[in-house]
Amino acid sequence: MNVTIYHNPACGTSRNVLAMIRNAGIEPQIIEYLEHPPTREQLQSMITAAGLTVRAALREKGTPYGDLGLGEESLTDEQLLDAMMAHPILINRPFVITQLGVRLCRPSETVLDILTVQQRGAFTKEDGEKVVDAEGRRLG
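Residues numbered from 1 in each chain as written. Predicted model: local features only at pLDDT ≥ 70, side-chain atom pairs only at ≥ 80, totals over all residues. Heavy atoms only, no water.

Visitor: Can you walk me through the sheet that holds strand E2 (residues 29–32) in this structure?
Guide: A sheet is described by the order of its strands in space; here 4 strands give the open sequence E2-E1-E3-E4, paired in mixed fashion. If you trace the sheet from one side to the other, it starts and ends with E2 and strand E4 (101–104), each paired once. Put simply, the sheet's adjacent strands are angled 15° from each other on average, direction ignored. Here strand E1 (residues 4–7) runs beside strand E3 (residues 95–98); their pairing, made up of 3 bridges, is antiparallel. Within E3, the residue paired with isoleucine 5 across the bridge is valine 96. Along the sheet, helix H1 (residues 12–23) makes contact with E1, E2 and E3, crossing E1 at roughly 160°. Helix H2 (residues 40–49) rests against E1, E3 and E4 of the sheet, and its axis sits at about 80° to E3. (Pairing = 2+ DSSP bridges. Helix = DSSP H or I, 4+ residues; strand = E, 2+ residues; numbered from the N terminus. Axes fitted to C-alpha atoms, helices over the stretch in contact; angles between N-to-C directions. Contact = heavy atoms within 4.5 Å.)

Visitor: Help me understand the environment of aspartate 82 in this model?
Guide: Looking at the element boundaries, aspartate 82 is found in helix H3 (residues 77–86). Along the chain, aspartate 82 and arginine 40 lie 42 residues apart, while their C-alpha atoms are 8.3 Å from each other.

Visitor: Where do I start with the environment of leucine 34 in this structure?
Guide: Summarising the element assignment, leucine 34 is placed in the loop between E2 and H2. With sequence-adjacent residues up to four places away left out, leucine 34 is seen in contact with Asn8, Pro88 and Ile89.

Visitor: I would appreciate a short explanation of the pattern of salt bridges in the present structure.
Guide: Two side chains with opposite charge may pair up if their charged atoms get near one another. All chains considered together, the criterion is met by 10 salt bridges. Put simply, arginine 40 and aspartate 82 hold a salt bridge, and the shortest N to O gap is 2.7 Å. Of this pair, arginine 40 sits in helix H2 while aspartate 82 sits in helix H3, and the two are 42 residues apart along the sequence. Assessed through its relative accessible area of 41%, aspartate 82 is described here as partly exposed. A salt bridge links glutamate 109 to lysine 125, with the shortest nitrogen-to-oxygen separation between them at 2.7 Å. Of the two residues, glutamate 109 is situated in the loop between E4 and strand E5 (123–124) and lysine 125 in the loop between E5 and strand E6 (130–132); the sequence distance between them amounts to 16 residues. Judged by relative accessible area, which is 15%, glutamate 109 ranks as buried. (Salt bridge = Lys/Arg side-chain N within 4 Å of Asp/Glu carboxyl O. Buried < 20%, exposed > 50% of the residue type's maximum accessible area, 1.4 Å probe, protein only.)

Visitor: Would you take a moment to explain the nonpolar core for this structure?
Guide: Proteins that are soluble and globular tend to have nonpolar side chains buried together. Of all hydrophobic cores here, the largest spans 21 residues; its most connected members are Leu43, Ile47, Leu58, Leu70, Met84, Leu90 and Phe95. If you tally residues by element for this core, the top one is H3, at 4 residues. Ignoring any residue separated from it by four or fewer positions in sequence, one finds leucine 43 in contact with Pro38, Leu81, Met84, Met85 and Ile91. Of all hydrophobic cores here, the second largest spans 17 residues; its members include Leu18, Ile26, Ile114 and Val132. (Core = buried A, V, L, I, M, F, W, Y, C linked by side-chain atoms within 4.5 Å.)

Visitor: Looking at this structure, how should I read the packing of H2 against H3?
Guide: Two numbers describe a pair of packed helices, the interaxial angle and the distance between the axes. One can describe the packing of H2 onto H3 by two numbers: an axis separation of 11 Å at closest approach and a directional angle of 120°. On the basis of their axis angle, the class for H2 and H3 is oblique. The two elements H2 and H3 cross, and the hand of that crossing is right-handed. Contacts between H2 and H3 pair Arg40, Leu43, Gln44 and Ile47 from the former with Glu78, Leu81, Asp82, Met84 and Met85 from the latter. Looking at the contact of H2 with H3 residue by residue, the classes come out as 5 nonpolar, 1 polar and 3 charged. (Parallel < 35°, antiparallel > 145°, perpendicular 65-115°, else oblique. Left-handed = near helix turned anticlockwise from the far one by under 90°. Nonpolar A, V, L, I, M, F, W, Y, C, P; charged D, E, K, R; others polar.)

Given below as structure tokens:
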């Protein structure tokens, strides 16, 4: 299975998603998007394929969101995309692409919806939340 993750290793959610992909026996293509951001076209395509609005793909926490006035409702999608291109930290993460679709994997267990193989065993998030049991079945 081909899987691509737009990853930020400093982000716990992104680390959990990567670990769940690997727990399914898949080694994904990892794109550290802060160093290698998607093109504008790729970003727009991911947002659309995930069924999101551009605003929903914006990250606020730990970014220049407030300083740039991005909460202003009159800003167009084009203006928001411009900001995301200029400041990739504004792109929410992690986006994951598989043959089943594209998702912004927040919460991290959302990735399980687009993997074609089952988890190989139990999985617990970094914060201690159990997500998958020993038989690879999703909990909750």
